[in-house]
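A structural walkthrough
Residue-level listing of the chains:
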Amino acid sequence: MPGPATGPRPDHDLMGILDKLRPQARWKHGDPMVRLEAVHSLDDSDPAVFSQLALEDTDARVRRAAVGRVADVDTLAGVTRNDADGGVRDAAIQRLVGLAGAEGGAAAVGALAALGRHRDLATLARSTAPEAARHAAVAELGDAKLLGGVARHAADAGTRLLALERLTDAAELEAVATNGEHNDAAVAALDRLTGLSAEQLSAIAGRAKSRAAAKRAKALAAAMSAPPVEAAPAAPSYRPADQEAARELCGRMRDLAAGPDPAAVRDGYAAARVAWVELLADADIEPSIVADFESSSDTVRSALAADEAARAETARAAAALRAEQAERVHLCERVEGMGPEGAADALTEARTAWAALPPMPEAWAGALERRFEDACRAAERRQAQAAQARELLEQAPSVVDDVEKLTAEDYAAIRGQWQGLRRKWQAILRSGDVDAALVARFDAAAATFEAHEATVREGKQRQQQDNLDRLKGVVAQLEARAAAESLTLKDADQIIKDAKLAVGTMGPLPTPQDREDLTVRLQAVRAAVQPRLDELRNAEEWKRWANVQVQEELCTKMEALLTVADEDPAKAAEEMRRLQEKWKPVAAAPRSQGETLWTRFKAAQSAVYEKCKDYFSQQAAERQEALKKKEALCERAEALKDSTDWVRTAEAMKQLQAEWKAIGPVTRGREKAVWERFRKACDEFFTRRQSDMKQRKHDWGENLAKKEALIAEAEQLAQSTNWDQAAARLKALQVQWKTIGPVKKSKSDQVWERFRAACDAFFERFKHRDQEAIQTKFVDRDTAVAEIEALVPDDGAPMPDDLFNKVQAARARWLQGPELPRHVLTPLAERVNNALLTLVTRWPEAFSGGDLDPESTARRMEKLCAKVEGLVPSDGAGAAPAAPMSPAEMLAKQWREALAANTMGAGAARQAEEARQRATDQELRSAQAAWLRLGPVPPDVRRPLQERFDKAVRRALDARRRPVART
């Protein structure tokens, strides 16, 4: 038989080459940051990848991220036992807790129990996780305090009672009965307590947070207390409503006794027992009903006890299994706790010891075998990682040297080397403690490269963003062009080409999603335009075929012009131009016929042109003459364009425009230039005129606003009574008015009339300001007089209540009124005196002894007259007034007084005289004020006293006005 082939197999080599060319998965990349990003971007279709990364990846960050995606309980348990990083272990525990709280989390609950995470199990039992997970967590708990905490605080009643059934510690049972806030657990814990005295039950009743537990404890304490011997028990009162409620509870308990689901029976039993205890605490129940309920309750308790016994048996079996597995579990834990130092020998010993153990039952051999193998692989991996870390630490000085040798001047050339060295340095830092001097050297060298790298990264991001903005603009333009209603064949064809070009020249973009979005939009543009492009192409082809007939007709008409040209060259030339214009829109035709027809049309056109050549020459001369005329008009317009005589120049420009229209066409090719020149000159003038008009309107508007502000202020001042200040301000406004420029002619007179009217109104009031002030004061005084007169009652009316106070108040307002001239004030005072005299005369008893008593008032008037008379100088008292002196006599008298003053001392005499006069003036003013405040007296009494007082006042004033001697 021929031996096996020794040469290479082509198929095998081809597969090896393909494997090398196949792109590597990103989660296998050498850079841990790439692997970390891959973990976040992978979907859940391949869970083995996450398990492999969680167990075997060299970077703790990657393992921690992978643990968050692992759903295999055994993998998470292995990571918790074997991973060297505390953060990874914590993440694995949190993941196990999350899986335990989900549907089907029993395996995770078992793993947490095997890891000794009993507090996590207690937290799970107290939560709102699925019922199976909560009950499984309670089944794994053995600590009395944790079970008591679940019984007190669990959110579900069944979980609370299940924990209570597993609780045997009396102290924790009493704590549940006392501190439990849920009635079912508190009452059930109280029922589990045996051997309590009445005092202990009373103490529990006083401390219990549950109302039902407190009632139950009180009832049990009362039942244990012996009834008094003297008092006969009172006959129970069986109310029908209470008996009906008790029978309903008995029915519920019988239904629970036949229930198949232990969890539902446990929940219902707790609720029924709580309701029964609360009912017995408030009502008397017939003994037969009580016996029926207790019988059904015993049946339920027996069923629950049997279920708990089955659970306990299952727990004992699990404990026996754990004891049977203890040696192997201990060996697994020993391997899981191995450090990297000396791990090889210890691992060999562990494998030898494992092989020497007796065979395991198939029921649990697989799990322990996997655990032991995982622990061995983890120990080998830790050993390899330690060796790799030592090797990396040894390379630290060389890496720093290599980094320092790089030059940052040409960063693009050394970028790849720098990134490779940086990744290697990061691996070295994760391997263990690095010399601080090496770290400082590397950081100092890395700062420069990182700055260049940041610049490159920013430039790349900016380029990508600019590219994205450019493409978005291109796509938006294409979308707008594609949506246009009047899309031509040329436009549609160009849109398709531009869309293809945009797809092919996208360049780098910030994210793959941006590229995908732009591609989708460009494809949508192409999909929208392509049907219209096909339709336009078909329409263009039909249009070319239709143009053939039109071109033949135009050729015939052009050939017919040969005859017309002989008779009327002008008409032939005009018709030839018209046919040329008609040919342009129908010039497109099928290539096979288009060339022939165009040659025919061109030949006929040339023949017509030859016959009209003389006409064209004459027409050219006329057009040249018209060109000269229009150029002359341009020069005239350019000479006027800078004028500021707006009205005359505007009329001249309009005349030039009329002349322009009257001139015929100019030489072909010069029409646009000469017209643009003329129009530019006209536009410049009229633009300047419009700007000037706009500026003038603006100035008019500002001036109008200023003048209206002055008008508003003047109209406000026109009603002012602060005469001097208002007059000064109005004069200032008049000066300011003159400084403001003109306004629009149609509003000039209107604003001026308003301003002048406001000023005239104020100054008219200003001339009569004294009369106006007197009138205002008179109104105030007259109002006070009217108020006093209003107090005078009709004949036969009774005296008003509180008349004296009302009169005094009205009189006080009269006395406090403003000062008036005597000729104005006297009639008002007479009216006041008459009104007050009427009141005093009508009801004298109301004013007797007061300041309005006429007799008292008369006496005060006499005293005031005497007082004023005493103010008159003694040399004139009682003597008749001296006869008027002549100027010479008066001068001689003053001379004598001056000589007398010089004898006594001029200064002192003059000061004494001035002081005497000031005192006299003060006394006189005081007497006049007191006279005005006097009450009423009869006219026959008041008149002589008034004359006497006025006479004395005049004499005192005359004496005051006598000249004082001067030195």
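Keep in mind the model is a prediction, meaning the values are calculated, not measured. (Residues numbered from 1 in each chain as written. Predicted model: local features only at pLDDT ≥ 70, side-chain atom pairs only at ≥ 80, totals over all residues. Heavy atoms only, no water.)

**Observations regarding the overall build of the chain**
Going by this rule: Numbering of helices and strands starts at the N terminus; helices are DSSP runs of H or I of at least 4 residues and strands are runs of E of at least 2. Only protein chains enter the accessibility calculation, which uses a 1.4 Å probe; a residue whose area is less than 20% of its type maximum is buried, one above 50% is exposed, and one in between is partly exposed. Residues count as neighbours in contact if any of their non-hydrogen atoms are within 4.5 Å of one another.
The helix and strand inventory of the chain stands at 39 helices and zero strands. By the burial criterion, 34% of the 967 residues in the chain qualify as buried. Contacts spanning at least 24 positions in sequence make up 70% of the contacts within the chain whose residues lie at least 6 apart.

**Thoughts on the packing of helix 22 (residues 436-482) against helix 24 (residues 512-567)**
Our working rule: To obtain each axis, a line is fitted to C-alpha atoms, and for helices this fit is confined to the stretch in contact; angles are then taken between N-to-C directions over 0 to 180 degrees. Relative orientations are named as follows: roughly parallel for angles under 35 degrees, roughly antiparallel for angles over 145 degrees, roughly perpendicular for angles from 65 to 115 degrees, and oblique for any other angle. With the far helix as reference, a near helix turned anticlockwise by less than a right angle produces a left-handed crossing, and one turned clockwise produces a right-handed crossing.
Contact geometry for helix 22 and helix 24: axes closest at 10 Å, N-to-C directions at 20°. The pairing of helix 22 with helix 24 is recorded here as roughly parallel in orientation. Of the two elements, helix 22 crosses helix 24, and the hand of that crossing is left-handed. Here Leu468, Leu471, Lys472, Val475, Ala476, Leu478, Glu479 and Ala482 of helix 22 come into contact with helix 24, specifically with Asp514, Leu518, Arg521, Leu522, Val525, Val529 and Arg532.

**Focus: the pattern of salt bridges**
Here is the rule: Should a side-chain nitrogen of Lys or Arg be within 4 Å of a carboxyl oxygen of Asp or Glu, the pair is scored as a salt bridge.
What the rule picks out here adds up to 26 salt bridges. Salt-bridge contacts for Lys497 lead to Asp493; the nearest nitrogen and oxygen are separated by 3.3 Å. Residue Lys497 and its partner Asp493 are located together in helix 23 (residues 489-504), separated by four residues, close to a single helical turn. Looking at Lys497, the relative accessible area reads 49%, which means it is partly exposed.

**What about the nonpolar core?**
In a soluble, globular protein the nonpolar side chains are often hidden away together inside. The condition is simple: Only buried residues count toward a nonpolar core. Its members are Ala, Val, Leu, Ile, Met, Phe, Trp, Tyr and Cys residues joined through side-chain atoms within 4.5 Å.
The biggest cluster of nonpolar side chains holds 62 residues, and the ones touching the most others in it are Val150 and Leu164. Ignoring any residue separated from it by four or fewer positions in sequence, one finds Leu164 in contact with Ala151, Leu173, Val176, Ala185, Ala188, Ala189 and Arg192. Membership of the second largest hydrophobic core comes to 20 residues, among which are Leu704, Ile740, Val743 and Ala758.

**Comments concerning the packing of aromatic side chains**
Selection criterion: Planes of paired rings set the category: under 30 degrees apart is stacked, over 60 is edge-to-face and the rest tilted, where pairs are Phe, Tyr or Trp rings (Trp by its six-membered ring) whose centres lie within 6.5 Å.
Within this structure, the stated rule accounts for 13 aromatic pairs. Taken together, a centroid distance of 4.5 Å and an interplanar angle of 10° make the contact between Trp425 and Phe442 stacked. A residue pair is termed long-range when its members are at least 10 positions apart, and Trp425 in helix 21 (residues 411-431) and Phe442 in helix 22 qualify at 17 residues. The two residues Trp425 and Phe442 agree in class, both being buried. Between Trp583 and Phe601, the ring centres sit 4.4 Å apart and the planes meet at 20°, which makes this aromatic pair stacked. Note that Trp583 is positioned in helix 25 (residues 569-583) and Phe601 in helix 26 (residues 591-611), a separation of 18 residues in sequence. Note on accessibility: Trp583 and Phe601 belong to one class, buried. Taken together, the aromatic side chains of Trp583, Trp598 and Phe601 make up a single cluster linked through ring pairs.

**Brief notes about the confidence of the model for the chain**
Worth spelling out the cut-off: The pLDDT value expresses, per residue, how confident the predictor is, ranging between 0 and 100.
Residues with a pLDDT of 70 or more make up 83% of the chain, whose mean pLDDT is 76. This model gives residues 1-22 a pLDDT under 50, and the stretch forms one contact once residues within four places in sequence are excluded. Per-residue pLDDT stays below 50 along residues 875-883; that stretch engages in four contacts with residues further than four places along the chain or on separate chains.

**Overview of helix 24**
As a reminder of what qualifies: In a helix, the anticipated span is given by 1.5 Å times the number of residues less one. For a residue, the bend is simply the angle between two axes, fitted respectively to the seven-residue segment ending there and the seven-residue segment starting there.
Over its 56 residues, helix 24 runs 78 Å from end to end, which matches the ideal 82 Å to within 8%, given 1.5 Å per residue. Maximum bend of helix 24: about 30°, positioned at Leu561.

**Describing the packing of helix 8 (residues 118-126) against helix 9 (residues 131-140)**
In a pair of packed helices, the angle between the axes and the distance between the axes together describe the arrangement. What counts here: Basically, the charged four are Asp, Glu, Lys and Arg, the nonpolar ten are Ala, Val, Leu, Ile, Met, Phe, Trp, Tyr, Cys and Pro, and anything else, Gly included, counts as polar.
Running from N to C, helix 8 and helix 9 point in directions that differ by 140°, and their axes come no closer than 8 Å. As for the relative orientation of helix 8 and helix 9, their crossing is left-handed in sense. From helix 8, His118, Leu121, Leu124 and Ala125 reach across to helix 9, where they touch Ala133, Arg134, Ala137, Val138 and Glu140. In terms of residue class, the contact of helix 8 with helix 9 is built from six nonpolar, one polar and two charged.

**Section: the side chain of Thr649**
Relative to the assigned elements, Thr649 resides in helix 28 (residues 646-662). Those residues in contact with Thr649 that sit more than four places away from it in its chain are Leu640, Ser643 and Phe685.

**Points about helix 28**
Selection rule: In this description, one arc is meant: the one made by directions from the helix axis to the C-beta atoms.
If you check helix 28, its first and last C-alpha atoms are 25 Å apart, about what 17 residues at 1.5 Å a residue would give, namely 24 Å. Turning to helix 28, its buried residues number three or more, namely Trp646, Thr649, Ala650, Met653, Leu656 and Trp660. All buried residues of helix 28 lie within an arc of 120° about the axis, which places them on one face of the element. Exposed residues lying more than 90 degrees from the buried face of helix 28 are Val647, Arg648 and Ala662. Next to the buried residues of helix 28 lie helix 27 (613-640) and helix 29 (671-717).

**Topic: the side chain of Arg35**
Going by this rule: Pairs of N or O atoms within 3.5 Å make up the polar contacts considered here, provided that, within protein, one atom can donate a hydrogen while the other can accept it, and that residues adjacent in sequence are counted only when both atoms are side-chain atoms.
Mapped onto the elements of the fold, Arg35 is located in helix 2 (residues 32-41). A polar side-chain atom of Arg35 sits 2.7 Å from a polar atom in the side chain of Asp57. Among residues more than four places away in sequence, those in contact with Arg35 are Arg26, Trp27, Lys28, His29, Gly30, Asp57, Thr58, Asp59 and Val62.

**Some thoughts on the environment of Pro32**
Counting through the fold element by element, Pro32 comes out in helix 2. Residues Pro32 and Gln426, 394 residues apart in the sequence, show an inter-C-alpha distance of 10.0 Å. With residues near it in sequence (within four places) discarded, Pro32 still touches Asp59, Arg61, Val62 and Arg430.

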